[in-house]
Amino acid sequence: MDKLLSVIIPAYNEEATVEQAARTVAGVLRDAGIAYELIFVDDGSRDGTWESILRAHEADDGVRGVGFSRNFGKDRAIFAGLSRARGECAAVMDCDLQHPPELLPRMFALWEQGFQVVEGVKRGRGEESALHRLCAGGFYALISRLAKLDMKHSSDFKLLDRKVVDALLSFPEEEVFFRGLTAFVGFERTQVEFDVAQRTAGQSKWSFRSLVRYAISSVTAFSTAPMQLVTVFAVIFALAAVLTGILYAVLGRSPGGWLIFLGCLAVLGIALLLAGLGIAGYYLGRIYRRSLGRPRYLVSRECGR
Ligand code: UDP
Ligand code: MG
């Protein structure tokens, strides 16, 4: 029997791209003779995304749809799709066709050769501002270092073996980070390079704020180093205080300058203390949310077999 490939496509306010994505991806897979199901996950869209998914399903019964009760974010949408996938392998890609579907047959062939994680890595980063590129570069360098996961040029465009899908689904945390977790799980891996295409239609959903939130949540999911950073600062400050104390006591400089310097040091110390509390509080918040055991997402509707 033919091996089934599940393609998971998270969609948030993508009424303009869903049907074209369904036609294009299905066309490529049909031409390559790969049995497929396309699972669109409507991440609580406020436009006609769900209706577009229904129309795509009418046109091709290989298309399935899952609709969230509200916007839960791309990563949770991906996990909802993975939980419904019936294939021997599953691919994840964006709805705006920035991840080229023409690559799927090659990724599928690599999977058939025995690779369990086939990662799409970006050759270029498409149309992005210099600031965005700088931030993204910095973020991946930071997380690669802190969490010891190699995520340079990483993207969510991946094809995963059933074993990997099941491994990912066994993670209990509510706040999932798809890119990080697929790097974390290991397995036999290989990469294919791709050029980021232009968005077919619609707009990118990322604002600067959401990117910063995503970055913080991703780093803290894999590393407690920010908390240790506070300890490092504490040591530096203690040393500085002792050294200046000795310096001024021994060399007997005027007490005025000494007091001002120490005052500044104290204020800075308090600021760092508060920052440390904030960082610790962030981790505490994660533990708190985890202890509530709330579901990762809520599904309000589904279509397709
Ligand atoms: N997306 C989603 N939930 C969100 C934001 C985005 O499911 O809260 C989907 C979106 O519909 C698209 C993919 O994630 O299929 C990538 O989003 P986008 O194109 O906005 O990101 P960019 O390509 O600009 O990084
Ligand atoms: Mg995009």
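Just so it is clear, the structure is predicted and the values come from calculations on it, not from any experiment.

A. The pattern of salt bridges, seen in detail. Across all of its chains, the model carries 15 salt bridges by this definition. A salt bridge links lysine 74 to aspartate 94, with the nearest nitrogen and oxygen atoms 2.8 Å apart. One end of the pair, lysine 74, is in helix H3 (residues 74-84); the other, aspartate 94, is in the loop between strand S4 (89-92) and helix H4 (104-112), and 20 residues separate them in sequence. Owing to a relative accessible area of 16%, aspartate 94 belongs among the buried residues under this scheme. Residue arginine 123 is joined to glutamate 193 by a salt bridge in which the shortest nitrogen-to-oxygen separation is 3.0 Å. With arginine 123 in the loop between strand S5 (117-122) and helix H5 (130-146) and glutamate 193 in strand S7 (residues 189-194), this pair connects stretches of sequence that are 70 residues apart. When its relative accessible area of 43% is taken as the criterion, glutamate 193 is described as partly exposed.

B. Just helix H2 (residues 49-59), in detail. Considered for burial, the residues of H2 that qualify are Thr49, Trp50, Ser52, Ile53, Ala56 and His57. All buried residues of H2 fall inside an arc of 160° around its axis, so they share one side. In H2, those exposed residues whose orientation departs by more than 90 degrees from the buried face are Glu58 and Ala59. Looking at the buried positions of H2, the neighbouring elements they touch are strand S1 (4-11), helix H1 (18-31), strand S2 (35-42), strand S3 (63-68) and strand S8 (299-303).

C. Representation of the site of ligand 1. Close contacts around ligand 1 come from 16 residues, with Glu14, Asp43, Asp96, Ser204 and Lys205 the closest. The side chain of aspartate 96 places a nitrogen or oxygen atom 2.7 Å from an oxygen atom of ligand 1. Glutamine 98 places a polar side-chain atom, nitrogen or oxygen, 2.7 Å from an oxygen atom of ligand 1. Protein contact buries 86% of the 530 Å² of open area that ligand 1 shows by itself.

D. Representation of the packing of H3 against helix H6 (residues 162-169) within the structure. At a minimum axis separation of 10 Å, H3 and H6 run at an interaxial angle of 125°. When the axes of H3 and H6 are compared, the pair comes out oblique. Once H3 is placed against H6, the crossing between them reads as left-handed. Contact residues: H3 offers Phe79, Leu82 and Ser83, while H6 offers Val165, Leu168 and Leu169. The residue makeup of the contact of H3 with H6, split by class, is five nonpolar, one polar and no charged.

E. Here's a closer look at the sheet that holds S2. Ordered by their spatial adjacency, eight strands build an open sheet running S7-S5-S6-S4-S1-S2-S3-S8, and the pairing between neighbours is mixed. If you trace the sheet from one side to the other, it starts and ends with S7 and S8, each paired once. Adjacent strand axes in the sheet meet at a mean angle of 20°, parallel and antiparallel pairs treated alike. Lying on the sheet, H4 is in contact with S1, S4, S5, strand S6 (158-161) and S7; it crosses S6 at an angle near 30°.

Criteria and cut-off values
Residues numbered from 1 in each chain as written. Chains lettered and ligands numbered in written order. Predicted model: local features only at pLDDT ≥ 70, side-chain atom pairs only at ≥ 80, totals over all residues. Heavy atoms only, no water. Salt bridge = Lys/Arg side-chain N within 4 Å of Asp/Glu carboxyl O. Helix = DSSP H or I, 4+ residues; strand = E, 2+ residues; numbered from the N terminus. Buried < 20%, exposed > 50% of the residue type's maximum accessible area, 1.4 Å probe, protein only. Arc of directions from axis to C-beta. Contact = heavy atoms within 4.5 Å. Near = heavy atom within 4 Å. Polar contact = N/O pair within 3.5 Å; in protein donor to acceptor, adjacent residues only side chain to side chain. Areas by Shrake-Rupley, 256 points an atom, 1.4 Å probe, with all protein chains shown as cover. Axes fitted to C-alpha atoms, helices over the stretch in contact; angles between N-to-C directions. Parallel < 35°, antiparallel > 145°, perpendicular 65-115°, else oblique. Left-handed = near helix turned anticlockwise from the far one by under 90°. Nonpolar A, V, L, I, M, F, W, Y, C, P; charged D, E, K, R; others polar. Pairing = 2+ DSSP bridges.

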